[in-house]
Amino acid sequence: MSDDGRRFAPHVARNAAATVEVLRGVLPERGLVLEIASGSGEHAVHFARAFPGLTFQPTDPEPASRGSIEAWRLAEKLPNVLPSIGLDASAEEWPVSQADAILCINMVHISPWSATQGLMRGAGRLLAPGAPLYLYGAYRQEGVPFAPSNEAFDQSLKARNPEWGVRDLEDVVAEAERNGLRLDAVVPMPANNLSVIFRKT
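These figures come from a predicted structure and were not determined experimentally.

Undergrad: Residues and numbers for the pairing of strand 3 (residues 101-105), please.
TA: Of all five residues in strand 3, five are buried; the element is thus mostly enclosed. Of the two faces of strand 3, the one holding A101, L103 and I105 and the one holding I102 and C104 are both buried throughout. The pairing of strand 1 (residues 31-36) with strand 3 spans four bridges and is parallel. When the sheet's bridge partners are listed, V33 is paired in strand 3 with A101. Judged from the four bridges that link them, strand 3 and strand 4 (residues 132-137) form a sheet pairing that is parallel. By the bridge assignment for strand 4, L103 is matched with Y134. Each parallel crossover has a hand, and the one from strand 3 via helix 4 (residues 113-126) to strand 4 is right-handed.

Following this line, the structure appears as structure tokens:
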């Protein structure tokens, strides 16, 4: 952590540039992008620099993470990053009523399944037809060998919390479909991760 309260997550340096390239074909030119589980806040400022026509709303349920997000926002002085707000993806009601796109990076495997269920409910409520929900992270795919590094990662997550773990992509897709979201694309990413894109039907 820096002296001004900014946290640094090593994975951001590895995936931010590749994620931006995928998002260029996903995000609208204008509008509000809601980020769920923003963590350190690094992604929010990185994306805000890459997409100056969009406004980014970072969120996180943890006060410490929101402190880091605010530190990044103040340090970068980007006009298109809003002050962070507290949002628990698993909650029935969210403090946001509309979004033109939703981003959720590395949350699905580091949270209980109820968070993914809540994410899909929220996306189904907030997004207009055709609007995207973008997920990034590690997933198991039927018919695709599971990388040893992801297997070790899955075991380490479950050791920290039995409710965490790498999810079957088919289960995530089924939950999305129950909430009016269709799978649009799955894009291989660095370090055996995936970009998974849904759109509201």
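Having put the structure on the table, let's press on.
Undergrad: Describe the pairing of strand 4, listing the residues and the values that go with them.
TA: For a regular strand, the rule is simple: side chains alternate between the two faces of the sheet. Along strand 4, six of the six residues are buried, which leaves the element largely enclosed by surrounding structure. Taking every second residue as pointing to the same face, both faces of strand 4 are buried, with P132, Y134 and Y136 on one and L133, L135 and G137 on the other. Here six bridges tie strand 4 to strand 8 (residues 193-200), and the two strands are oriented antiparallel to one another. Directly across from L133, in strand 8, lies its bridge partner F198.

Undergrad: Explain the sheet that holds strand 7 (residues 181-189) residue by residue, including any values.
TA: Where strands meet in a sheet, backbone hydrogen bonds hold them as pairs that are either parallel or antiparallel. Spatially, the six strands line up as an open sheet ordered 2-1-3-4-8-7, and their pairing is mixed. Each edge of the open sheet carries a strand with a single partner, namely strand 2 (54-58) and strand 7. Each strand of the sheet is rotated relative to its neighbour by a mean of 20°, with strand direction disregarded. Across the sheet, helix 6 (residues 169-178) touches strand 4, strand 7 and strand 8, and the angle it forms with strand 8 is around 15°.

Cut-offs used in this document
- Residues numbered from 1 in each chain as written.
- Predicted model: local features only at pLDDT ≥ 70, side-chain atom pairs only at ≥ 80, totals over all residues.
- Heavy atoms only, no water.
- Buried < 20%, exposed > 50% of the residue type's maximum accessible area, 1.4 Å probe, protein only.
- Helix = DSSP H or I, 4+ residues; strand = E, 2+ residues; numbered from the N terminus.
- Pairing = 2+ DSSP bridges.
- Right-handed = clockwise from strand over helix to strand, strands pointing away.
- Axes fitted to C-alpha atoms, helices over the stretch in contact; angles between N-to-C directions.
- Contact = heavy atoms within 4.5 Å.

Keep in mind these values describe shape, not function.
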